[in-house]
Amino acid sequence: MTPYGKLAIFGAGGHAREVAFIAERCGVAPATMAFVVEEAHLRETTVNGIEVHAIESGHCDGWPFVAAVGDPALKERATGLCVSRRMSAATLCDPSVGLHRTVVLGEGCILFPGAVLTVNVSLGRHVHVNVNSSLSHDCRVGDYSIFSPGARVAGHVHIGSRVFVGIGATIVNGLHNVPLPIGDDAFIAAGACVTGPVADGARVMGVPAKVR
Ligand SMILES: CC(C)(COP(=O)(O)OP(=O)(O)OC[C@H]1O[C@@H](n2cnc3c(N)ncnc32)[C@H](O)[C@@H]1OP(=O)(O)O)[C@@H](O)C(=O)NCCC(=O)NCCS
């Protein structure tokens, strides 16, 4: 089910443990996975039975990797660290996810159980679509963005890079000729309902969502 005989998972926290679970569902054996963290964050030698290594040790140099941290900017940094160790990006798509031929996934994307991308959806690199999160027709997403569990994005929404969409948030649809823009580095709080454009770096919350 997966072309990866080995897999390095950057991170060893909750998100990383979940990503290891997806990898296992995709056919990667725990014995062939490793969590990698920066030396300064090395606390344990195994987590859920999977080895943890400092990235500086070189143990996982050259392995395929996924960056499994929940903060988009940290994920970008983690990706840079992995690439500097000659690691190449892996993509994980949970077996429950059916992908239409018009969907485009960048390298390093992770699709969790119950994620739904309908048609003409395009994800940049290292985008995570978490449990039961959906993106509808004609959505575009930039690199490193994260959709938390249960986030809902309607059609014709153009989402920038490093955007965080909180748990249960909703983004209403744009129009065919006027897509709804969500700027780079925007933060959409848990449960927000976004009904209009969001500027670069804005933090929005509430129903309807407002900058706060
Ligand atoms: C937006 C968020 C970061 C705010 O956290 P915070 O800065 O610690 O906020 P506080 O709890 O101090 O609350 C500050 C104010 O914002 C309000 N607020 C906080 N979160 C809110 C939310 N999600 N929606 C609406 N209002 C919110 C609080 O009611 C409070 O209002 P007040 O000043 O009128 O009393 C947090 O609520 C959030 O949404 N985090 C994302 C969690 C998530 O989706 N995780 C996914 C894990 S997979």
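Rules used in this analysis
Residues numbered from 1 in each chain as written. Predicted model: local features only at pLDDT ≥ 70, side-chain atom pairs only at ≥ 80, totals over all residues. Heavy atoms only, no water. Salt bridge = Lys/Arg side-chain N within 4 Å of Asp/Glu carboxyl O. Helix = DSSP H or I, 4+ residues; strand = E, 2+ residues; numbered from the N terminus. Buried < 20%, exposed > 50% of the residue type's maximum accessible area, 1.4 Å probe, protein only. Expected span 1.5 Å × (residues − 1). Arc of directions from axis to C-beta. UniProt positions renumbered as here; feature names shortened; annotations may be inferred. Pairing = 2+ DSSP bridges.

S.K.: Pulling in residues and values, what's your account of the pattern of salt bridges?
M.R.: Evaluated as defined, the whole model comprises 7 salt bridges. Here R77 ties to E38 by a salt bridge, and the two come within 3.0 Å at their closest N and O atoms. Here R77 is found in helix α2 (residues 72–84), whereas its partner E38 is found in the loop between β2 (33–37) and β3 (46–47), with 39 residues between them in sequence. Using a relative accessible area of 44% as the deciding quantity, one classes R77 as partly exposed. In this structure, a network of salt bridges that share partners links the residues E76, R162 and D185.

S.K.: Give a detailed account of helix α1 (residues 14–25), specifying residues and quantitative values.
M.R.: Residues three or four positions apart in an α-helix share a direction because the helix packs 3.6 residues into each turn. Over its 12 residues, α1 extends 17 Å from the first C-alpha to the last, a length consistent with the 16 Å expected when each residue adds 1.5 Å. For α1, the complete set of buried residues consists of H15, A16, V19, A20, I22 and A23. All buried residues of α1 lie within an arc of 160° about the axis, which places them on one face of the element. G27, located one to two residues past α1, shows a positive phi value of around 100°.

S.K.: I'd like to hear about the UniProt feature "domain: PglD N-terminal" (unreviewed entry) in the chain, residue by residue, with values.
M.R.: Within the UniProt annotation, "domain: PglD N-terminal" (unreviewed entry) is assigned to residues 6–77. Between the C-alpha atoms that bound residues 6–77 the distance is 22 Å, and the span itself is 25% helix and 28% strand.

S.K.: Describe the sheet that holds strand β17 (residues 157–159), and please don't skip the residues or the numbers.
M.R.: Two orientations exist for strands paired in a sheet by backbone hydrogen bonds: parallel and antiparallel. Read across the open sheet, the 5 strands follow the order β8-β11-β14-β17-β20; overall the sheet is parallel. Two strands close off the open sheet at either side, each with one partner strand: β8 (104–105) and β20 (180–182). In this structure, β8 lies alongside strand β11 (residues 122–123), joined through 2 bridges in parallel fashion. Directly across from L105, in β11, lies its bridge partner L123.

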